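Now for the letters of each chain:
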Amino acid sequence: MTTPRHANPSSSPASPWYIAGSFSSVNGGTDRGPIDAYIAQERDTVVVNVDGARAGFRLALGYNIDRRLGVEIGYADLGEVKVTASGRSRDPQTLAAVVLENAPTTGNAITLGATFKYWLNRPIALAFRGGALSLDGQKEFSGSSTVNVSDSREIGAYLGGGLYWRVTPSFGLGATYQRIFTGDEGMDVFDATFQWQPMR
């Protein structure tokens, strides 16, 4: 009886349960049109800075149904967006409301979804993931004399894909891109991922 050259992922000695995580680069767009239009209309001498790029992370508990399909529940921290303004505004509260309405949403999310791996060869796979999320969103605006915080809870979805490399039977690394959809907004997330499965 001959021994296969490479172990098949479906016959892995690792448990079907796994822990996954990622370090994320998150970017959410800012609609500057309404902000700049309000400043021009009010003739305010104020400069508004919005940095939509931030760092985040994700942790998930998953279960591999078979060598390709899995389900997982997770927690994602989408980083922090700080919006600042310098200068003078005639109506700081209204300016803050306009800025917060058009600044990117960030916050923490609970995710529930599925994963799918299409194995190109034994250690390398195309990895896809998608599902639903509940986002506890937050925006913060800091002016010269005021700090405004806008909180929201939204139901959204996420969808993405990338590459996965099974380094050992119980550990893998990957790189993925995913799009998060929440209401009229969206976020682009680039992940450096890992997955660990305990041995049986």
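Criteria and thresholds
Residues numbered from 1 in each chain as written. Predicted model: local features only at pLDDT ≥ 70, side-chain atom pairs only at ≥ 80, totals over all residues. Heavy atoms only, no water. Helix = DSSP H or I, 4+ residues; strand = E, 2+ residues; numbered from the N terminus. Buried < 20%, exposed > 50% of the residue type's maximum accessible area, 1.4 Å probe, protein only. Contact = heavy atoms within 4.5 Å. Areas by Shrake-Rupley, 256 points an atom, 1.4 Å probe, with all protein chains shown as cover. Salt bridge = Lys/Arg side-chain N within 4 Å of Asp/Glu carboxyl O. Core = buried A, V, L, I, M, F, W, Y, C linked by side-chain atoms within 4.5 Å. Phe/Tyr/Trp six-rings, centres within 6.5 Å; stacked < 30°, edge-to-face > 60°. Lys NZ or Arg CZ within 6 Å of the ring centre and 35° of its normal. Pairing = 2+ DSSP bridges. Arc of directions from axis to C-beta.

Colleague: Could you clarify how one ought to interpret the overall build of the protein chain in this entry?
Modeller: Of the regular secondary structure elements, the protein chain holds 2 helices and 10 strands. With 200 residues in all, the protein chain has 41% of them scored as buried. Pairs at least 24 residues apart make up 69% of the contacts formed inside the protein chain by residues separated by at least 6 positions. Carbon together with sulfur atoms contributes 59% to the accessible area of the protein chain, which is approximately 11000 Å² in total.

Colleague: Help me out: how do you make sense of the pattern of salt bridges in this one?
Modeller: Pairs can form between side chains of opposite charge once their charged atoms are near each other. Under the defined criterion, the tally for this structure stands at 3 salt bridges. Notably, a salt bridge pairs Glu 72 with Arg 58, separated by 3.0 Å at the nearest N-O pair. Placement of the pair is Glu 72 in strand S4 (residues 69-77) and Arg 58 in strand S3 (residues 53-64), with a sequence separation of 14 residues. Like Glu 72, the residue Arg 58 is buried in the burial classification.

Colleague: Got a minute to help me understand the nonpolar core in this structure?
Modeller: Proteins that are soluble and globular tend to have nonpolar side chains buried together. Counting 12 residues, the largest nonpolar core is built from Ile 35, Tyr 38, Ile 39, Val 46, Val 48, Val 81, Val 83, Ala 85, Leu 95, Val 98, Val 99 and Ala 103. Elements with a contribution of two residues or more to this core: helix H1 (32-42), strand S2 (45-50), strand S5 (82-88) and helix H2 (92-102). With 10 residues, the next largest nonpolar core counts Ala 76, Ala 109, Leu 135 and Met 187 among its residues.

Colleague: Whenever I open this one, the packing of aromatic side chains confuses me. Can you help?
Modeller: For any pair of aromatic rings, the description rests on two quantities: the centre-to-centre distance and the angle between the ring planes. Within the structure shown, the criterion is met by 4 aromatic pairs. When the centroid spacing of 4.9 Å and the interplanar angle of 65° are considered together, the rings of Trp 17 and Tyr 63 count as edge-to-face. Taken together, the residues Trp 17 in strand S1 (residues 17-28) and Tyr 63 in strand S3 connect sequence positions 46 residues apart. Seen in terms of ring centroids, Trp 119 and Tyr 164 are 6.2 Å apart; in terms of plane orientation they differ by 80°. Their pairing is edge-to-face. Of the two residues, Trp 119 is situated in strand S6 (residues 106-119) and Tyr 164 in strand S8 (residues 147-168); the sequence distance between them amounts to 45 residues. Judged by relative accessible area, Trp 119 falls into the buried class, the value being 9%. Cation over ring: Lys 117 sits above Tyr 164, and NZ or CZ is 4.8 Å from the ring centre.

Colleague: Honestly, the pairing of strand S10 (residues 185-196) in this entry has me stumped. Any pointers?
Modeller: Where a strand is regular, its side chains alternate between the two sheet faces. Summarising the sheet, S1 and S10 pair through 10 bridges and their orientation is antiparallel. Residue pairing for S10: Ser 22 is matched across the bridge by Thr 193. With 12 bridges joining them, strand S9 (residues 171-182) and S10 adopt antiparallel strand pairing. Residue pairing across strands places Ile 180 opposite Met 187, the latter belonging to S10.

Colleague: Whenever I open this one, H1 confuses me. Can you help?
Modeller: An α-helical segment advances 3.6 residues per turn. Residues three or four places apart therefore align on the same side. Of all the positions in H1, only Ile 35, Tyr 38 and Ile 39 are classed as buried. Projected onto a plane normal to the axis of H1, the buried residues spread over an arc of 95° and lie on a single side. In this structure, H1 carries Ala 40 and Gln 41 as exposed residues pointing more than 90 degrees from its buried face. At the exit of H1 stands Arg 43, carrying a positive phi of roughly 55°.

Colleague: Can you help me understand the side chain of Ser 170 in this one?
Modeller: Residue placement: Ser 170 occurs in the loop between S8 and S9. Its relative accessible area of 15% is what places Ser 170 among the buried residues. Contacts of Ser 170, omitting those with residues within four sequence positions, involve Ala 14, Gln 195, Trp 196, Gln 197 and Met 199.

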